[in-house]
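Structure assessment
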Amino acid sequence: MEDQTRDPTTSERKATTLSRREVLVGVGALGVGAVGAGILGSCQSPSAPVAPAASAAPAAPASQAAAKAPQSLDMKMVGFNDLQSRSSYQPTILKYPNGRYILFVGHHTLDVDPVTKAALPSRNPLTGKDEENGTSLIDVTDPANPKTLFHIPVADGKGGGAQMVRAVDGNGLPAKDGKVYMLRSYHSAAHEVWDVTDPSNPKGVRTVRDGNPLVGAQTGAPGALATTHKSWWEPDTGIAYVVGSRGSDKDAGWRTGHHIMVYDLSNPAQPKFLRDWALDGQQPGGKIPPYFKEVPNIHGPISTGPAGNRIYMAYGTGENGVMQIVDRAKLLSSAPTDYTSAEVGRWVMNPDNGGHTSFPLGKMTVPDRVIDTGNQKAAERDIVVVVSEATQHFGDEPRHVTTFVDVTTEGRPQSIATFQVLASSGGSGEANFIDRGGRFGPHATNEEMGPPFYKKVVFVSYFNAGLRAIDVRDPYNPKEVAYFIPEITQATDKRVGKLKGQENVARQVIQTNNVATDDRGYIYIVDRANTGMHVLQLQGKAAEIIGK
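Residues numbered from 1 in each chain as written. Predicted model: local features only at pLDDT ≥ 70, side-chain atom pairs only at ≥ 80, totals over all residues. Heavy atoms only, no water.

**As for the sheet that holds strand 7 (residues 134-139)**
The antiparallel open sheet is built from four strands, whose spatial order is 3-4-7-8. Each of the sheet's edge strands pairs with one partner strand only, and the pair in question is strand 3 (88-95) and strand 8 (147-153). Direction aside, neighbouring strands of the sheet carry axes that sit 20 degrees apart on average. (Pairing = 2+ DSSP bridges. Helix = DSSP H or I, 4+ residues; strand = E, 2+ residues; numbered from the N terminus. Axes fitted to C-alpha atoms, helices over the stretch in contact; angles between N-to-C directions.)

So, in structure tokens, the structure goes:
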């Protein structure tokens, strides 16, 4: 398999490039519908059950073939990296003190070939060895030439996987030690801290390998976590909201699912556990809230730090969702058994939608309410963008939407607008987004709260509909201004589901998973179907928005 970082300026892979599956079982395996990592699970289930072999289907019609081509509006591709054909979840971008830009990419667990049941090879050209999935470090200082610097595998014998990744500059932490640190999940069993000051030579700080992880243990070993997921690490205080569940939680009386373990990582080498946090009712002795059959578990938090003094918590992922507003200072100062006083508000979603991401836009001036009477109360509102994740293939689920929520009065949040992409906008016939296969619907927003995009453009990853750019300057009237759907390559994995009464129909389809942005105006998307990472940039009228 070629290392595409050697020729990153081309927008296509060379015709001789082989996917991991083709290396193993030959091109013929593609015809029977192999499945990749996390085919039917939500992002919380990176290693989902393997589907049966797909039915041999007739050749795709011309409309389906056309859907495989790249599609875009006012967004262009600047650079590409194949990420060694690893299924990818979360990209995190960090500007180093020396001006370098490093992208950290968390990968799903390496799956098996559903036809042969053999492990899929995952060759790292930097080492010349097959490695279980972990975390990739990509130099994107030159966005047209993204270069893979290192891949840190999770060598647990179970396919690895390190979906979640955050990075902070140690100079911003109280320690001010001149180092750069990375926090990542270790499969579903632990969370680790790495020294990535030299991104070409990461060093363990608190790792499973060294027997001293932040929390958890080797997969299957005593002390291992039962789950891990998407954490948040404040870059100035070092407070980390680590998402997962302990293997001992059930015996201790916790209800099923992740919760938050709060750590002080101001000195990453000497972590201090502060407390647990969850939606009231999940903790031992808690009661299920009204209108719920189960207590929604946390997907991920976003903190505004000491200045904003708020943490926005998304619960439920794709159903039975809640967006919770938490007073940060009270969370850190209240008793560890107190799961109520720090909450200042919650928005309960309808049962068909969940909270995957709750991205605060903060106080915004609503253009239509700017009038000359001086009544600014009408013009300024506090807004949070909440995304519900689509999790099923061929649209086998209720519609998921992105909702703009007014939290000006925190105790009574109110939805004010929604954004969605219509399935029919993909085209007619099997170019329709639902019929293209795989997941169709929202997944996550970008999470960066700085220029040039903040409070102007929000990006939402949309699985087979690629990346969508939304003008949010008037949060009551969000409007799509650009989009980009990557080209399917030979490495793009297939997704299997039920279409028009036929079981196990396979489609090779883009599955844009998560998105990150930087202060230069570049956008980074990764694909859970092994297609790689694309560096994008707004053009035309969409680019004019961030220039104002």
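**Details of the packing of aromatic side chains**
Tallying each qualifying case throughout the model produces eight aromatic pairs. With centroids separated by 6.5 Å and ring planes inclined at 85 degrees, the aromatic side chains of F419 and Y462 adopt a geometry described as edge-to-face. On the criterion of sequence distance, the pair formed by F419 in strand 26 (residues 414-419) and Y462 in strand 28 (residues 457-463) is long-range, its members being 43 residues apart. In terms of burial, F419 and Y462 fall into one category: buried. An aromatic cluster of three or more residues is present, and its members are F419, F433, F440 and Y462. (Phe/Tyr/Trp six-rings, centres within 6.5 Å; stacked < 30°, edge-to-face > 60°. Buried < 20%, exposed > 50% of the residue type's maximum accessible area, 1.4 Å probe, protein only.)

**Description of the sheet that holds strand 26**
The antiparallel open sheet is built from four strands, whose spatial order is 23-24-25-26. Bordering the open sheet on either side are strand 23 (357-365) and strand 26, each of which pairs with just one other strand. Averaged over all adjacent pairs, the angle separating strand axes in this sheet is 25 degrees, with direction ignored. The pairing of strand 24 (residues 380-387) with strand 25 (residues 402-406) spans five bridges and is antiparallel. Bridged to V384 within strand 25 is V405.

**A few points about the nonpolar core**
Of all hydrophobic cores here, the largest spans 41 residues; its most connected members are Y241, I260, W277, M313, L361 and F404. In this structure, V515, I525, L536 and I545 belong to the second largest nonpolar core, which totals 17 residues. (Core = buried A, V, L, I, M, F, W, Y, C linked by side-chain atoms within 4.5 Å.)

**Notes on the confidence of the model for the protein chain**
On average, residues of the protein chain score 88 in pLDDT, and 84% of them reach the 70 mark or higher. Below pLDDT 50 for its whole length, residues 1-42 participates in 130 contacts with residues either more than four positions away or in separate chains. Residue range residues 44-62 is modelled with pLDDT below 50. Its contacts to residues more than four positions away, or to other chains, number 38 contacts. (pLDDT = per-residue confidence, 0-100. Contact = heavy atoms within 4.5 Å.)

**Looking at the pairing of strand 7**
With six of six residues buried, strand 7 lies mostly within the body of the structure. Sheet analysis places strand 4 (residues 101-107) next to strand 7, joined by five bridges and oriented antiparallel. Looking at the pairing, V105 lines up with S136 of strand 7. Looking at chain direction, strand 7 and strand 8 are connected through six bridges and run antiparallel. In the sheet register, L137 faces strand 8, and the bridge partner there is F150.

**What about helix 7 (residues 540-547)?**
Among the residues of helix 7, A542, I545 and I546 are the ones counted as buried. In a view along the axis of helix 7, the buried residues occupy a sector of 90 degrees, so they form one face of it. Across from the buried face of helix 7, at angles greater than 90 degrees, the exposed residues are K541 and G547. Buried residues along helix 7 sit in contact with strand 28, strand 29 (467-471), strand 30 (479-485) and strand 35 (533-538). (Arc of directions from axis to C-beta.)

**A word on the pairing of strand 27 (residues 440-445)**
Of all six residues in strand 27, six are buried; the element is thus mostly enclosed. With three bridges connecting them, strand 27 and strand 28 associate as antiparallel partners. Opposite A444, over in strand 28, you have S461 as the bridge partner.

**Digging into the environment of K250**
Inspection of the secondary structure assignment puts K250 in helix 3 (residues 249-252). Spatially, the C-alpha atoms of K250 and P284 are 9.0 Å apart, while their sequence positions differ by 34 residues.

**Some details on the pattern of salt bridges**
Tallying each qualifying case throughout the model produces 20 salt bridges. Put simply, K230 and E447 hold a salt bridge, and the shortest N to O gap is 2.9 Å. Residue K230 is found in the loop between strand 14 (225-228) and strand 15 (232-233), and its partner E447 is found in the loop between strand 27 and strand 28; the two are separated by 217 residues along the sequence. There is no split in this pair, since K230 and E447 are both buried. Salt-bridge contacts for R310 lead to D327; the nearest nitrogen and oxygen are separated by 3.5 Å. You can see R310 sitting in strand 20 (residues 310-315) and its partner D327 sitting in strand 21 (residues 322-327), a full 17 residues away along the chain. One exposure class covers both R310 and D327, and it is buried. (Salt bridge = Lys/Arg side-chain N within 4 Å of Asp/Glu carboxyl O.)

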